[in-house]
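An overview of the molecular structure
Letter by letter, the chains look like this.
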Amino acid sequence: MKFGPVPIDAAEGAVLAHATTAGERRFRKAHRLSAEDVSLLKASGISEVVAAVLAPDDLSEDAAAEKLAAYMIHRNIEAKRAATGRVNLHAQAAGIFTVDAAMIDAINAVDPTITIATLAQHAPVEKGQMVATVKIIPFAVAFALVDAVARICAEGEIFAVNAYQPVRVGVIQTVLPGIKPSVLDKTLRVTEARLARSGSRLTTERRTPHEVSPVAEAAASLIRDNDMVVIFGASAMADFGDVVPAAIERASGTVIRAGMPVDPGNLLVLGNLGGKRIIGAPGCARSPKENSFDWVLDRLIAGLDVTARDIAGMGVGGLLMEIPTRPQPREPLPAKAEPRVETVLLAAGRSSRMSGPNKLLALFDGKPLVRRTAERAVGSKAAATIVVTGHERERVRSALSGMDVTFADNPDFAEGLSSSLKAGIAKVSGDAAGALIVLGDMPGVASADLDRLIEAFRKSEGRSVVRASHNGRRGNPVLLPRSLFAAIAHLEGDTGARHLVEAEGLDVIDVEIGEGAAVDVDTREALESAGGVLQD
């Protein structure tokens, strides 16, 4: 591949390094120029472009990324479509991520043009979460480099999501004078919440004196009807022969490891009893904050073995927090604020295909279409609604009289959709994580549909594009993350944000909302078929 200035006469087939405008046509970065494109650029007076020229033995960035992802052997992981030289891989189930670090290192050592990044070993993941990304840095790479990576990938599984296998858990809590029942009750609630993330459940609790014999008897009884037993001691383990490890052995079990190099959680005990796992939980496991108990519990529920050697190897990265005093039960952290979403309702168009009447003022059940759409936006979980007006501005605003909306005027509405989109985005508040773009002429979209898009956006932590769909076909509305706002300011003509989404390589989540995603009323026939009555 050659990169640099390319004379326009030799640019056919070259890949643009920067977005380039020719008259009313805008070519995005990484666009491959056709003969027609070259003619347009020449007609606009452009004599050269900065571009990449691929050699016969090169693969384009997207093709290379997709091939590399296809070569990888993995479980419970889905590779998304390539965009801008990147393929993101997402978990198909909740569980624990495992990765062959040597294979990742070997791939990243092949050549700097090829990179792969993953989550940390044994990271807990949720369904749909991104676990790895393959990125091609230049616009193309040589076939030979891709083949070298293919040989590494053929050696075996590169990474996996080990799906949780829900288990039944019995709990023993020992009691000493002075321990409050409220502490024991809270421990149960915290444990149930820990188990819920994997679909597991707490079946039975036994409270016993803090003595070897009653704990051993309770453990032997509970292990028969459960997949796992957890013991919460009223007093922390002070010696390897203390109550909890001694009780496991008294019940004819085996202690695999007592003590671990993770803080908080040094005093965890792991054992086998009746062919099943039994855990002596450290005192910090009474708190919902991450500690050694989470590391062991989640891996076991995901079907991964935890050995004494595994625990001994947890020291690097095992310092989870600084503890100036011995850990005490702690309250949950404040809930994280949900990403704020604001609606941008586009109502500035000229209804040119109606040959006169403004479709947004057409009556549906006696109500102007634009008001009906705005009511559904206001009734959704969006924090605010911004209405962009232009054509027949005063009539549209009058139709929305008394509504809790903010208006954005678009004096350039005749230039097309991009001008309205820019005007609306400019009004979105600085703390909003995303803008839900709603077209004013979609009578079949309800507040509940908008809420489904917002919920999907929040689950992605405000990082993804969320798009309404019907029967697998993309439609409207669409929710754009803040990361696209700056690029929207450079849109031109009668275009929306679709090509920006593709160029930025963001994850796109399609949410099925039914026919409403595909029904607009651009023509008189479509409007009347949808139940509308035009007003002159």
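Everything quoted here is computed from the prediction, not taken from an experiment.

Pairing in this open sheet of 3 strands is antiparallel, and the strands run β1-β5-β2 from one edge to the other. Each of the sheet's edge strands pairs with one partner strand only, and the pair in question is β1 (2-7) and β2 (15-16). Alignment of β2 against strand β5 (residues 48-53), held across 2 bridges, turns out to be antiparallel. Bridge pairing links V15 to A52 in β5.

Looking at soluble globular proteins, one finds that nonpolar side chains tend to be buried together. Counting 41 residues, the largest nonpolar core has V344, V428, L436, I437 and L480 as the members making the most contacts within it. Of all the secondary structure elements, the ones that give two or more residues to this core are β22 (341-347), β25 (384-389), α12 (417-427), β27 (434-439), α13 (447-459), β28 (465-470), β29 (473-481) and α14 (485-488).

For the rest of this paragraph, the subject is the confidence of the model for the protein chain. The predicted coordinates of low-pLDDT regions are not to be read in fine detail. Per-chain confidence: the protein chain averages 89 in pLDDT, with 94% of residues scoring 70 or above. In the model, residues 323-334 has pLDDT below 50 throughout and makes 19 contacts with residues more than four positions away in sequence or in other chains.

This part covers the side chain of N88. Here N88 lies in strand β9 (residues 86-91). Reaching out from N88, the side chain makes a polar contact with the side chain of T133 at a distance of 2.8 Å.

It is worth spelling out unusual backbone geometry at this point. Looking along the chain, the bond that leaves D263 and enters P264 is cis, with omega of 10 degrees. Of note, P264 is situated in the loop between β19 (254-258) and β20 (269-273). A cis geometry characterises the amide bond from N476 onward to P477, with omega recorded as 5 degrees. Note on placement: P477 falls in strand β29. The phi dihedral of N76 falls on the positive side, at around 55 degrees, and the residue is not glycine. With respect to the element layout, N76 can be found in the loop between β7 (73-75) and β8 (77-79). N76 gets classed as partly exposed once you look at its relative accessible area, which sits at 30%. Not every positive phi belongs to a glycine, and D365 is a case in point at roughly 55 degrees. Inspection of the secondary structure assignment puts D365 in the loop between β23 (363-364) and β24 (367-368).

This paragraph deals with the pairing of β25. Most of β25 is tucked away: 5 of the 6 residues are buried. In this structure, β22 lies alongside β25, joined through 6 bridges in parallel fashion. Bridging across to β25, L346 finds its partner in V388. Judged from the 4 bridges that link them, β25 and strand β26 (residues 406-409) form a sheet pairing that is parallel. When the sheet's bridge partners are listed, V387 is paired in β26 with F407. In this fold, β25 hands off to helix α11 (residues 393-399), which returns the chain to β26; that crossover is right-handed.

About the thresholds
- Residues numbered from 1 in each chain as written.
- Predicted model: local features only at pLDDT ≥ 70, side-chain atom pairs only at ≥ 80, totals over all residues.
- Heavy atoms only, no water.
- Pairing = 2+ DSSP bridges.
- Helix = DSSP H or I, 4+ residues; strand = E, 2+ residues; numbered from the N terminus.
- Core = buried A, V, L, I, M, F, W, Y, C linked by side-chain atoms within 4.5 Å.
- Buried < 20%, exposed > 50% of the residue type's maximum accessible area, 1.4 Å probe, protein only.
- pLDDT = per-residue confidence, 0-100.
- Contact = heavy atoms within 4.5 Å.
- Polar contact = N/O pair within 3.5 Å; in protein donor to acceptor, adjacent residues only side chain to side chain.
- Right-handed = clockwise from strand over helix to strand, strands pointing away.

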